[in-house]
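Notes for the structure review
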Amino acid sequence: MLNAQQTSDTMISFQGIRKSYGGLDALHTTDINVRRGEFLSLLGPSGSGKSTILNIIAGAIQPSSGRLLIDGQDVLDKPSRERGLGMVFQNYALLPHLNVYDNIAFPLRIRGASNAEIKQKVGSALERVGLVGFEKRKPREMSGGQQQRVGIARCIVYSPSIILMDEPLGALDKKLRDQLQGEIKKIHRDLGTTLVYVTHDQEEALNLSDRICLMNGGRIAQHGTPDELYFEPKSEFVADFVGESNLLDCTVEAANRVSLASGAQLQVKPGCTQDIVVGTHTKVMIRPEKIAITQGAVVPGAAQNSVSGVVRQISFVGGMTRFELELPGGGNLLVKDISSRLSERTAIGQPMHVHWSAADSVVLK
Ligand SMILES: Nc1ncnc2c1ncn2[C@@H]1O[C@H](COP(=O)(O)OP(=O)(O)O)[C@@H](O)[C@H]1O
Ligand SMILES: [Mg+2]
């Protein structure tokens, strides 16, 4: 029997899977469908259950209950090597005594490929990861980034239908991580393989994924496109974990309207107060880059919110200026501004007027 969402488009189907260790659930009962060819990231803080999910797919962990289907087939009783998977690990897991060529050839040899086939496939995998010419090197003679390229080549060389990666860039520095992210994205695009990627880095997940499954404490906090998680977080945890956000205490006053502690009234995204009773105390989220600084005599439009605060902090980071405003009645508002050189004209302790669109104010349930 197939569950409601599972279709022929589904490559991996987690159906009521749970994993407990001595009565403690590392993974609460979970349903996830991974689509054929999609790049799905399992994102979340350390200990949230990401690797548990990946290892259950890989066959390294047996779940306590539930069903796992890969391409429509029950696979829980199948050993790892019969599940059609390739894996890339954070610590590369290369064979130290073998050179690059033999490391990449290894999965083909154990599958009984001919020397001619091995030569052709290893050659093309080396090309894909940009390591032609490195065939004779031993892993210890290469940098971390190069070793991980070998790890990726060894994974794609036998064309698995699913690739699993567990924090593959976790041991590399920022610049190399950015570069390899681009390469992994391109490899995924070129090969069209279903890819499940574990990371605790929200920026990485936003950059790479078709969809993100955000985990918290062994449960799915939210599952959706990067856009949905960023702009329509369903909880404070999601709003806080994905990107920077302003989360202001508010009271729901009417359909699509809330008030702040100062009494200021905000119009919010149409529909987002739908299931919330008037009078409820909750939080409204506004992304800092959606807030504009009101300059001169500009009067914000009808569907705009405007507030004033006192500048408490100004910092310049990565091409943008961050202003922290203290709001009347309490609470801080973070504003990110890419265009202005206002920091030269605005000083700490001065008032600042800002505005943003109603559509960018999302009330959390
Ligand atoms: N073999 C084990 N025995 C007991 N608890 C475990 C074991 N493996 C993992 N856990 C627990 O399960 C939870 C989820 O772990 P894991 O999936 O590795 O998290 P993540 O990959 O998100 O950091 C953690 O609380 C961890 O301590
Ligand atoms: Mg992990």
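Values in this document were obtained by computation on a predicted structure and should not be read as measured data.

Attention now goes to the pattern of salt bridges. All chains considered together, the criterion is met by 17 salt bridges. Notably, a salt bridge pairs K186 with D190, separated by 2.7 Å at the nearest N-O pair. Of this pair, K186 and D190 both sit in helix α5 (residues 174-191), four residues apart, roughly one helical turn. Residue K186 is classed as partly exposed on the basis of its relative accessible area, which comes to 45%.

Now for the UniProt feature "domain: ABC transporter" (unreviewed entry) in the protein chain. The UniProt entry lists residues 12-242 under the feature "domain: ABC transporter" (unreviewed entry), expressed in the numbering used here. Across residues 12-242, helical content stands at 36% and strand content at 27%; the span's end C-alpha atoms are separated by 25 Å.

With that settled, the discussion passes to the sheet that holds strand β5 (residues 73-74). One open sheet holds the four strands; their spatial order is β2-β1-β4-β5, and the pairing between them is antiparallel. Bordering the open sheet on either side are β2 (24-35) and β5, each of which pairs with just one other strand. The strands touched by helix α1 (residues 50-58) are β1 (10-21), β2 and β4 (65-70); relative to β1, the strand with the most contacts, the crossing angle is about 115 degrees.

Around ligand 1, the neighbouring residues are Y21, A26, P45, S46, G47, S48, G49, K50, S51 and T52. S48 places a main-chain nitrogen or oxygen 3.1 Å from an oxygen atom of ligand 1. Contact between ligand 1 and K50: an oxygen atom at 2.8 Å from a side-chain N or O atom of the residue. If ligand 1 stood free it would expose 570 Å²; the protein chains cover 54% of that surface. With three residues, the single largest contributor to the shell around ligand 1 is α1. Among the residues forming the shell around ligand 1, the class breakdown is three nonpolar, six polar and one charged.

About the thresholds
Residues numbered from 1 in each chain as written. Chains lettered and ligands numbered in written order. Predicted model: local features only at pLDDT ≥ 70, side-chain atom pairs only at ≥ 80, totals over all residues. Heavy atoms only, no water. Salt bridge = Lys/Arg side-chain N within 4 Å of Asp/Glu carboxyl O. Helix = DSSP H or I, 4+ residues; strand = E, 2+ residues; numbered from the N terminus. Buried < 20%, exposed > 50% of the residue type's maximum accessible area, 1.4 Å probe, protein only. UniProt positions renumbered as here; feature names shortened; annotations may be inferred. Pairing = 2+ DSSP bridges. Contact = heavy atoms within 4.5 Å. Axes fitted to C-alpha atoms, helices over the stretch in contact; angles between N-to-C directions. Near = heavy atom within 4 Å. Polar contact = N/O pair within 3.5 Å; in protein donor to acceptor, adjacent residues only side chain to side chain. Areas by Shrake-Rupley, 256 points an atom, 1.4 Å probe, with all protein chains shown as cover. Nonpolar A, V, L, I, M, F, W, Y, C, P; charged D, E, K, R; others polar.

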